[in-house]
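So you can see what is in the structure, the chains are spelled out below.
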Amino acid sequence: MHYKSLILFVVVSMVMQSCIPSNVFEKNFSFKNHNWDQKVTPQYTFDITDTTSNYGIYVTMRHTDAYPYANIWLNIETTSPDKKTVVQKVELPLAESSGKWLGQGMDEIYEHKISLTKNSPSHFDQKGKYTITLKHIMRENPLPQIMSIGVRLEKVRSQ
C-alpha cells in the first residue's frame, strides 16, 4: 500500500507543477542594514532564448513601514547582448495619497511587485544575455528602510 501512495504522490505532484506558470527570471538584492547607498547598483543578468514571446518586467521591492516616502525614483539601465544600453528614469508609487502602502504587508514589512510594462509587454529582439542595473536617484542618500530590490521577468501568455 505504501508503494501505491508514493506513486500517487509523484503523479499528483507532476500534474500540479505543470499547472503552475513558470517564471522566466527573478532575483533580489538585499541591503546591509536596510540602507541603499547610491554607489550600490544591483545588476541582474538573464538569458533570453525565446524572441517570439512578449515579457512582463517588474521591479520587486521590500521595505519597512518606516520608509519615509510614498514613492521611489530609479534609473533603470538595460544592456542588450550587442552591448547597447538604454536608461529609463522611472517613478514607482509605493503608497496612496492617504499614506496606505500599495504592496502586500506583514507586520512592518511591505513587499511590492511593480510592473514596468503594464500597458505594453516588452519584446526582446535578440537572443542572449541582457543586464538590468538599478540605481536609486532619490535626494536622500543612503535611502533608509529598503530591505531589498529585485527584477522579475515573466512570459506574457497570448490572449
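Procedures and definitions
- The numbers attached to residues start from 1 for each chain and follow its sequence in the written order.
- Thresholds applied to this predicted model are a pLDDT of at least 70 for local features of residues and 80 or more for the giving and counting of side-chain atom pairs; totals over whole chains, interfaces and linings are not thresholded and use all residues.
- To obtain the side-chain values, all non-hydrogen atoms of the structure were used and water was disregarded.
- Three exposure classes are used, based on accessible area relative to the maximum for each residue type with a 1.4 Å probe and protein chains only: buried under 20%, partly exposed in between, and exposed over 50%.
- Secondary structure elements follow DSSP: runs of H or I of four or more residues count as helices, runs of E of two or more count as strands, with numbering from the N terminus.
- The pairing criterion is simple: DSSP has to find at least two bridges between the two strands.
- Nine residue types can take part in a nonpolar core, namely buried Ala, Val, Leu, Ile, Met, Phe, Trp, Tyr and Cys, and a core is a set of them joined through side-chain atoms within 4.5 Å.
- Contacts are assigned to residue pairs that have any heavy atoms within 4.5 Å of one another.
- Any carboxyl oxygen of Asp or Glu that lies within 4 Å of a side-chain nitrogen of Lys or Arg is treated as forming a salt bridge with it.
- Any two of the Phe, Tyr and Trp rings considered here, Trp counted by its six-membered ring, make a pair once their centres fall within 6.5 Å; the pair's planes then place it as stacked at under 30 degrees, edge-to-face at over 60, or tilted in between.
- The rule for a charge over a ring is simple: NZ of Lys or CZ of Arg within 6 Å of the ring centre, and within 35 degrees of the ring normal.

**Student:** Help me out: how do you make sense of the pairing of strand E12 (residues 146-155) in this one?
**Tutor:** Both faces of the sheet carry side chains from a regular strand, because those side chains alternate between them. The buried fraction of E12 is high, at 9 of 10 residues. One ladder, built from 6 bridges, connects strand E1 (residues 25-30) with E12; its direction is antiparallel. The residue bridging Ser30 from the neighbouring strand is Ser148, located in E12. Two strands pair when backbone bridges link them, and strand E4 (residues 54-64) and E12 are joined in this way by 9 bridges, in the antiparallel orientation. Residue Arg62 lies in a different strand from E12, and its bridge partner there is Ser148.

**Student:** Looking at this structure, I do not really get unusual backbone geometry. What am I missing?
**Tutor:** Of all residues except glycine, most have a negative phi; of all peptide bonds, most are trans. Cis rather than trans, the peptide bond between Asn141 and Pro142 has omega equal to 0 degrees. When you line up the elements, Pro142 lands in the loop between strand E10 (128-136) and strand E11 (143-144). Positive phi, close to 60 degrees, is recorded for Asn33, a residue that is not glycine. When its relative accessible area of 63% is taken as the criterion, Asn33 is described as exposed.

**Student:** Help me understand the nonpolar core, please; the structure alone is not making it clear to me.
**Tutor:** One recurring pattern in soluble globular proteins is that nonpolar side chains are buried together. Core analysis: the biggest nonpolar cluster contains 31 residues, and Trp36 and Ile72 have the highest contact counts within it. Where this core is concerned, the elements lending two or more residues are strand E3 (43-48), E4, strand E5 (71-79), strand E6 (85-93), strand E8 (109-115), E10 and E12. Not counting the four nearest positions on each side in its chain, Trp36 is found in contact with Phe31, Pro42, Ile72, Leu74, Leu134, Lys135, His136, Asn141, Pro142, Leu143, Ile146 and Ile149.

**Student:** Is there a simple way to explain the pattern of salt bridges in this structure?
**Tutor:** A side chain with one charge can pair with a side chain of the opposite charge if their charged atoms come near. The final tally for this structure, using the stated rule, is 6 salt bridges. Notably, a salt bridge pairs Lys113 with Glu154, separated by 3.0 Å at the nearest N-O pair. Taken together, the residues span a long stretch of sequence, with Lys113 in strand E8 and Glu154 in strand E12 at a distance of 41 residues. Judged by its relative accessible area of 16%, Glu154 is buried. Here the salt bridges share partners, and the residues they tie into one network are Glu26, Lys113, Arg152 and Glu154.

**Student:** What am I meant to see in the packing of aromatic side chains here?
**Tutor:** This model, assessed by the stated rule, comprises 10 aromatic pairs. Relative to Phe46, the ring of Phe25 has its centre 5.4 Å away and its plane inclined at 45 degrees; by these criteria the two rings are tilted. In this pair, Phe25 sits in strand E1 while Phe46 sits in strand E3, placing the two residues 21 residues apart along the sequence. For the residue pair Phe25 and Phe46, the accessibility class agrees, reading buried in each case. Measuring from centroid to centroid gives 4.7 Å for Phe124 and Tyr130, while their planes differ by 65 degrees, and the two rings are edge-to-face. No difference in accessibility class separates Phe124 from Tyr130, as the two residues are buried. Here Lys89 stacks its cationic end above the ring of Trp73, 5.5 Å away from the centre of that ring. Over the ring of Tyr58 we find Lys113; its NZ or CZ atom is 4.6 Å from the centre of that ring.

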